Amino acid sequence: MSDPNCIFCKIVAGQIPAKKVYEDDQIVAFHDIHPWAPVHILIVPKQHVPSMVEVTEADAPLLGRMMAVSPRLMRELGVTNGFRHVVNTGRDGGQEVMHLHLHVFGGPRPWLKG
Ligand code: 5GP
Ligand code: ZN
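How each quantity is defined
Residues numbered from 1 in each chain as written. Chains lettered and ligands numbered in written order. Predicted model: local features only at pLDDT ≥ 70, side-chain atom pairs only at ≥ 80, totals over all residues. Heavy atoms only, no water. Helix = DSSP H or I, 4+ residues; strand = E, 2+ residues; numbered from the N terminus. Expected span 1.5 Å × (residues − 1). Bend = angle between axes of the 7 residues up to and from the residue. Buried < 20%, exposed > 50% of the residue type's maximum accessible area, 1.4 Å probe, protein only. Contact = heavy atoms within 4.5 Å. Polar contact = N/O pair within 3.5 Å; in protein donor to acceptor, adjacent residues only side chain to side chain. 1 Å grid on protein atoms, 1.4 Å probe; cavity = no way out; pocket = protein on both sides within 12 Å on 5 of 7 lines; lining within 4 Å. Points joined across faces, edges and corners; volume = space filled by probe spheres on them. Nonpolar A, V, L, I, M, F, W, Y, C, P; charged D, E, K, R; others polar. Phe/Tyr/Trp six-rings, centres within 6.5 Å; stacked < 30°, edge-to-face > 60°. Lys NZ or Arg CZ within 6 Å of the ring centre and 35° of its normal. Near = heavy atom within 4 Å. Areas by Shrake-Rupley, 256 points an atom, 1.4 Å probe, with all protein chains shown as cover. Sits in = over half its atoms within 2 Å of the grid points.

Visitor: How would you sum up unusual backbone geometry? Please name residues and give values.
Guide: Residue R109 is joined to P110 through a cis peptide bond whose omega torsion reads 10 degrees. Within the secondary structure, P110 sits in the segment after β5 (102-106).

Encoded structure:
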């Protein structure tokens, strides 16, 4: 369920610091360490799912929760003018951290990327 070499598993476990903005029994959200936008958070499952490649229909409630909590978090972080979701998958998809994560970007443009 957890990978001892995975940086996001360590954040979930509180073994390395992160600016957490939300946590429940299944997911954690925290600020990206190198933000591309004024607000850039990552929403991750607590269990170690490497990427969307491993996701099945049984994960629909987990993915739904990750998506569904994001508007509230953006609101709480002061984002009032829309936001963007991104999920990178695998090498060709540009994924660098192999623990499933949903990027959520918001805040006034210009942004660094995206
Ligand atoms: P990916 O390219 O895998 O979709 O994005 C990984 C994201 O994780 C990058 O935006 C990167 O800045 C972020 N990241 C990598 N290591 C850490 C870390 O230790 N803490 C936090 N908060 N974000 C990280
Ligand atoms: Zn992990």
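Resuming the write-up.
Visitor: How would you sum up helix α2 (residues 60-76)? Please name residues and give values.
Guide: Taking 1.5 Å as the rise per residue, α2 with 17 residues should run 24 Å; its terminal C-alpha atoms sit 25 Å apart, in good agreement. Where α2 bends most, the angle comes to about 30 degrees, and this point is S70, followed within four residues by the proline P71. Burial in α2 covers these residues: L62, M66, V69, S70, L73 and M74. Tucked inside the fold, the buried residues of α2 contact β1 (20-23), β2 (27-31), β3 (39-45), β4 (83-86) and β5. Looking one or two residues beyond α2, the residue adopting positive phi is G78, at roughly 90 degrees.

Visitor: Kindly report on the side chain of H101, identifying the contributing residues and their values.
Guide: Considering the arrangement of structural elements, one finds H101 in the loop between β4 and β5. Given the relative accessible area of 6%, H101 is considered buried. Within polar-contact distance, the side chain of H101 engages the backbone oxygen of H99 at 2.7 Å. Excluding its chain neighbours within four sequence positions, the residues that come into contact with H101 are F8, L42, I43, V44, V86, V87 and Q95.

Visitor: Tell me what's going on with the layout of surface pockets, and back it up with residues and numbers.
Guide: Approximately 630 Å³ is the volume found for the largest pocket. Forming the walls of the largest pocket are 26 residues, and the residues nearest its centre are F8, D32, I33, H34 and L42. Listing elements by their share of the lining of the largest pocket, those giving two or more residues are α1 (7-12), β2 and β3. Here the lining of the largest pocket is built from residues that sort into 14 nonpolar, eight polar and four charged.

Visitor: I'd like a rundown of the packing of aromatic side chains, residues and numbers included.
Guide: If you walk through the whole model with that rule in mind, you get three aromatic pairs. Chaining the aromatic ring pairs together yields one cluster made of W36, F105 and W111. Stacked on the ring of W111, the Lys or Arg R109 has its end atom at 3.8 Å from the ring centre.

Visitor: Can you lay out the site of ligand 1 for me, pointing to particular residues and giving the numbers?
Guide: Taken together, 16 residues lie near ligand 1, and D32, N88, E96, H101 and H103 sit nearest. For ligand 1, an oxygen atom lies 3.1 Å from a polar atom in the backbone of G94. Backbone polar atom of E96 to an oxygen atom of ligand 1: 2.7 Å apart, as the coordinates give it. Here ligand 1, which alone exposes 520 Å², has 87% of that area covered by the protein. The pocket occupied by ligand 1, as judged from atoms lying within 2 Å of grid points, is the largest pocket. Listing elements by their share of the shell around ligand 1, those giving two or more residues are α1 and β2. Top element by residues in the shell around ligand 1 is α1. It accounts for three residues. Among the residues making up the shell around ligand 1, the classes are represented as seven nonpolar, seven polar and two charged.

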